[in-house]
Amino acid sequence: MDFLKKLQPGIEKLRELDAYSKPIEDFRVKTVSGGTVSILCWCLIVFLVCLRCYEHLYNEETVETIFVDVSRGPKLRINIDFIMKNISCEFLALDAMDSSGEQHLQIYHNIYKRRLDKDGHPIEEPKKEDVGKIIKKDEEKSVNDTAVDVVKCGSCYGAESEALNITCCNTCEDVKEAYRRRKWMQPNLDTIEQCKSLHDPEKIKNAFSEGCHIYGFMEVNRVGGSFHVAPGQSFTINHVHVHDVQPFSSSSFNTSHKIRHLSFGENKIVGKINPLDDTESIADEESTMFQYYIKIVPTIRVHRDGSIFESYQFSVTKHKKNGAQSGMPGLFFSYELSALMVKITDKVVPLSHFINDICCCIGGVFIVFMLIDSFFYRSSMLLKKIEIGKAS
């Protein structure tokens, strides 16, 4: 007891510092409106506090910064998923080139092709093709031509000429070149032994009655370049890249297509959408060229746990050419890498900020509802005074 008496002066001084003075219980007035407002107040406080906790635990806030790209990467991965609706797989080629001079012709490594019917349903299982060779005109045998192995000197079907140094035609291209040099009309290729593999009746029959699903990925040098999906078999003549669409003409092909997916790099950035995903383009005319100009921005994502992965974002501009002005029909993609890099860092909110947000939420809601309760109470008291004629 003596100890408590000694503390009594200090307790009295502490009582004087009370900022939350309490009225006497007899002077407290409790109303129905006050009880209703109080219930709404605490319900809103609980809801907002739970929402803020969820945002703190699960929502990721990020900060983006831009700086000059000084990274070095030997390869760029291109992920593709295209559907050509009106051209069979046998008459489609995927080729890529880059500005360093390296050409990737007949890229089938890690690329799959699946035959589709006109309704887009698969006809057979996808086939993974091997990396094709660069086909040159002066090769004695080509991937597309059947060389005559029975005799050492194949027939030119009447186009032989000692003056023009035309003696043997061992490939289909040799026969056509001989007729061109003689300035003759092109022969009926169905009757040329060297060209029979090109004109398989079954392939020709299905050329425009099937579609093709092309998907997979390819890795090219990490420099600007291009790739395309176009009709015909690709090869080079004197270092010039061309497509042979015979026995059809380029105006026979309808290049309507759907791009299900196109991205760069191995990792996907959460929250970022690839602008060409699930886009569909319709060719109003035959022999339509679709051109896509792509600007690639290297991107680094840094997670809260410190893990880092690299990816790419890109923007795209689309252009379409119809008819005679189009040139070669198909899908042509030109890409260029930006000199700038984007760094996306997960923002870590300190615990002190979180506690401060909770306190502001509780205090702010409580004060607002206290003002609302005060308004209703004073309004009701004023109405009662008016009724008894005591309002001044």
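Details of the structure are given in the entry above.
In short, a report on the structure.

What counts, and where the lines are drawn
- Residues numbered from 1 in each chain as written.
- Predicted model: local features only at pLDDT ≥ 70, side-chain atom pairs only at ≥ 80, totals over all residues.
- Heavy atoms only, no water.
- Axes fitted to C-alpha atoms, helices over the stretch in contact; angles between N-to-C directions.
- Helix = DSSP H or I, 4+ residues; strand = E, 2+ residues; numbered from the N terminus.
- Parallel < 35°, antiparallel > 145°, perpendicular 65-115°, else oblique.
- Left-handed = near helix turned anticlockwise from the far one by under 90°.
- Nonpolar A, V, L, I, M, F, W, Y, C, P; charged D, E, K, R; others polar.
- Phe/Tyr/Trp six-rings, centres within 6.5 Å; stacked < 30°, edge-to-face > 60°.
- Buried < 20%, exposed > 50% of the residue type's maximum accessible area, 1.4 Å probe, protein only.
- Lys NZ or Arg CZ within 6 Å of the ring centre and 35° of its normal.
- Expected span 1.5 Å × (residues − 1).
- Contact = heavy atoms within 4.5 Å.
- Core = buried A, V, L, I, M, F, W, Y, C linked by side-chain atoms within 4.5 Å.
- Polar contact = N/O pair within 3.5 Å; in protein donor to acceptor, adjacent residues only side chain to side chain.
- Pairing = 2+ DSSP bridges.
- Patch = residues over 30% accessible without salt bridge, like charges linked within 9 Å, V, L, I, M, F, W, Y side chains within 5 Å.
- Areas by Shrake-Rupley, 256 points an atom, 1.4 Å probe, with all protein chains shown as cover.
- Salt bridge = Lys/Arg side-chain N within 4 Å of Asp/Glu carboxyl O.

Right, let's talk about the packing of helix 2 (residues 32-58) against helix 5 (residues 351-388) for a bit. Running from N to C, helix 2 and helix 5 point in directions that differ by 160°, and their axes come no closer than 9 Å. With respect to helix 5, the element helix 2 is oriented roughly antiparallel. Here helix 2 and helix 5 pass one another in a crossing that is right-handed. Of the residues in the contact of helix 2 with helix 5, the class split is 18 nonpolar, three polar and three charged.

In this section: the packing of aromatic side chains. For the structure shown, the criterion picks out eleven aromatic pairs. Centre to centre, the rings of phenylalanine 82 and phenylalanine 333 are 5.4 Å apart; their planes meet at 10°, and the pair counts as stacked. Of the two residues, phenylalanine 82 is situated in strand 2 (residues 75-84) and phenylalanine 333 in strand 15 (residues 330-337); the sequence distance between them amounts to 251 residues. For the pair shown, phenylalanine 82 and phenylalanine 333 are each scored as buried. Pairing tyrosine 292 with phenylalanine 333 gives two aromatic rings, centres 4.8 Å apart and planes at 10°, and the pair type is stacked. Placement of tyrosine 292 in strand 13 (residues 289-302) and of phenylalanine 333 in strand 15 is noted, with a sequence separation of 41 residues between them. For the pair tyrosine 292 and phenylalanine 333, a shared accessibility class is recorded, and that class is buried. Aromatic rings pair up to connect Phe82, Phe227, Phe264, Tyr292, Phe314, Phe333 and Tyr335 into one cluster. Against the face of phenylalanine 217 rests arginine 77, its NZ or CZ located 3.6 Å from the ring centre.

The α-helix winds at 3.6 residues per turn, so residues separated by three or four positions along the chain end up facing the same way. When the terminal C-alpha atoms of helix 5 are compared, their 56 Å separation across 38 residues agrees well with the 56 Å that a helix rising 1.5 Å per residue should span. Within the span of helix 5, buried status applies to Phe354, Ile358, Cys361, Val365 and Phe369. Those residues of helix 5 hidden inside the fold are in contact with helix 2.

In this section: the nonpolar core. Within the largest apolar cluster, 37 residues are counted, with the highest numbers of intra-cluster contacts made by Ile78, Phe227, Leu262 and Phe333. Every element with two or more residues in this core is listed here: strand 2, strand 3 (92-98), strand 7 (211-221), strand 8 (225-231), strand 11 (257-264), strand 13, strand 14 (308-321) and strand 15. Setting aside its immediate chain neighbours within four residues, phenylalanine 227 contacts Ile78, Ile80, Phe82, Leu94, Asp95, Ala96, Met218, Leu262, Leu331, Phe332, Phe333 and Tyr335. Ranked by size, the runner-up nonpolar core spans ten residues in total, among them Cys156, Cys172, Ala178 and Cys195.

Looking now at the side chain of serine 338. Positionally, serine 338 belongs in the loop between strand 15 and strand 16 (340-347). A polar atom in the side chain of serine 338 sits 3.1 Å from the backbone nitrogen of leucine 340. What serine 338 contacts, discounting residues up to four positions off in sequence, is Asp69, Lys295, Ile296, Val297 and Pro298.

Although it is not a glycine, tyrosine 157 sits at a positive phi angle of roughly 55°. In this fold, tyrosine 157 is placed in the loop between strand 6 (127-128) and helix 3 (172-181). Phi at asparagine 165 takes a positive value of approximately 60°, unusual for a residue other than glycine. Examined against the element boundaries, asparagine 165 turns out to sit in the loop between strand 6 and helix 3.

Attention now moves to the sheet that holds strand 6. In spatial order, the strands read 6-5-7-2-11-12; together these six strands make up an open sheet with antiparallel pairing. Of all the strands in the sheet, just strand 6 and strand 12 (279-281) have a single pairing partner and so form its edges. As defined by bridge partners, strand 11 adjoins strand 12 across three bridges and the pair is classed as antiparallel. Note on strand 12: the bridge partner recorded for histidine 257 is serine 281.

Taken together, the side chains of Trp42, Phe366, Ile367, Met370 and Leu371 define a hydrophobic patch exposed on the protein surface, amounting to about 520 Å² of accessible area. Secondary-structure assignment places tryptophan 42 in helix 2. In this structure tryptophan 42 comes out as partly exposed when scored by relative accessible area, which is 47%.

Under the definition given, this model contains ten salt bridges. For arginine 115, the salt bridge is made with glutamate 124, and the minimal N-O distance between the two is 3.5 Å. Residue arginine 115 is classed as partly exposed on the basis of its relative accessible area of 24%. The partner of arginine 115 in a salt bridge is glutamate 210, with the nearest N and O atoms 2.4 Å apart. A residue pair is termed long-range when its members are at least 10 positions apart, and arginine 115 in strand 5 (residues 111-116) and glutamate 210 in the loop between helix 4 (201-206) and strand 7 qualify at 95 residues. Overall, glutamate 210 belongs to the buried group, its relative accessible area being 6%. Connected through shared salt-bridge partners, Arg115, Glu124, Lys127 and Glu210 make up one network.

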